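Secondary and tertiary structure notes
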Amino acid sequence: DNKYEVPVLTPEEVLQYTELCRKVDAIIQHLPPQCRRAFQLNRLEGKKYVDVAAEMQITTSAVERLISRALTKLRTGLKDDWILAFLLISHFLV
């Protein structure tokens with residue numbers, strides 16, 4: 001039993017995953033510039049709120065608000081795809 005086996009995706013799952021990634025990217029690209037930058041620094045580059053704040057020369061609470069707005073936009077934009085996202089993510093967690 002190798003609990004770290006890499007799951008094999010079907011062509012349909014690969015297509016669905018690609019489409020979901022495209023939607024996420026499109027939503028991120030349509031965020032206001034400051035919101036997009038804070039989200040990228042925090043969620044994609046893994047920087048802490050305090051580091052994002054220092055880099056962007058804004059307060060930590062401003063970073064929190066920007067990240068919150070970005071996540072709200074993502075949730076709203078992906079609300080019809082949540083089942084697909086869950087299935088694809090759960091496939092990788094097996």
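All of the points below concern the structure found in this document. (Residues numbered from 1 in each chain as written. Predicted model: local features only at pLDDT ≥ 70, side-chain atom pairs only at ≥ 80, totals over all residues. Heavy atoms only, no water.)

A word on the pattern of salt bridges. Following the criterion strictly, the structure yields 4 salt bridges and no others. Between Glu 55 and Arg 37 there is a salt bridge; the shortest N-O distance is 2.9 Å. With Glu 55 in helix α3 (residues 49-56) and Arg 37 in helix α2 (residues 33-44), this residue pair connects regions lying 18 residues apart in the sequence. Glu 55 sits in the partly exposed class, given a relative accessible area of 39%. A residue is classified by how much of its surface remains accessible, and Arg 37, at 34% relative accessible area, is partly exposed. One salt bridge connects Glu 45 with Lys 47, and the closest N-O pair in it is separated by 3.8 Å. (Salt bridge = Lys/Arg side-chain N within 4 Å of Asp/Glu carboxyl O. Helix = DSSP H or I, 4+ residues; strand = E, 2+ residues; numbered from the N terminus. Buried < 20%, exposed > 50% of the residue type's maximum accessible area, 1.4 Å probe, protein only.)

Axes are the key here: two packed helices are described by the angle between their axes and the distance separating the axes. It is the contact of α2 with α3, at a shortest axis distance of 9 Å, that shows an interaxial angle of 135°. It follows from the interaxial angle that α2 and α3 lie oblique. In the crossing of α2 with α3, the sense of the turn from one axis to the other is right-handed. On the side of α2, the interface is formed by Gln 34, Arg 37, Ala 38, Leu 41, Asn 42 and Arg 43, while α3 contributes Tyr 49, Val 52, Glu 55 and Met 56. (Axes fitted to C-alpha atoms, helices over the stretch in contact; angles between N-to-C directions. Parallel < 35°, antiparallel > 145°, perpendicular 65-115°, else oblique. Left-handed = near helix turned anticlockwise from the far one by under 90°. Contact = heavy atoms within 4.5 Å.)

One can describe the packing of α2 onto helix α4 (residues 60-77) by two numbers: an axis separation of 8 Å at closest approach and a directional angle of 90°. Overall, the two elements α2 and α4 adopt an arrangement that is roughly perpendicular. Taking contact as the criterion, the partners of Gln 34, Cys 35, Ala 38, Phe 39, Asn 42 and Arg 43 in α2 are, on α4, Leu 66, Ile 67, Arg 69, Ala 70, Leu 71 and Leu 74.

Attention now goes to α2. Residues spaced three or four apart along an α-helix face the same direction, because each turn holds 3.6 residues. Listing the buried residues of α2 in full gives Cys 35, Ala 38, Phe 39, Leu 41 and Asn 42. If you follow the buried residues of α2, they end up packed against α1 (11-29), α3 and α4. Gly 46, located one to two residues past α2, shows a positive phi value of around 75°.

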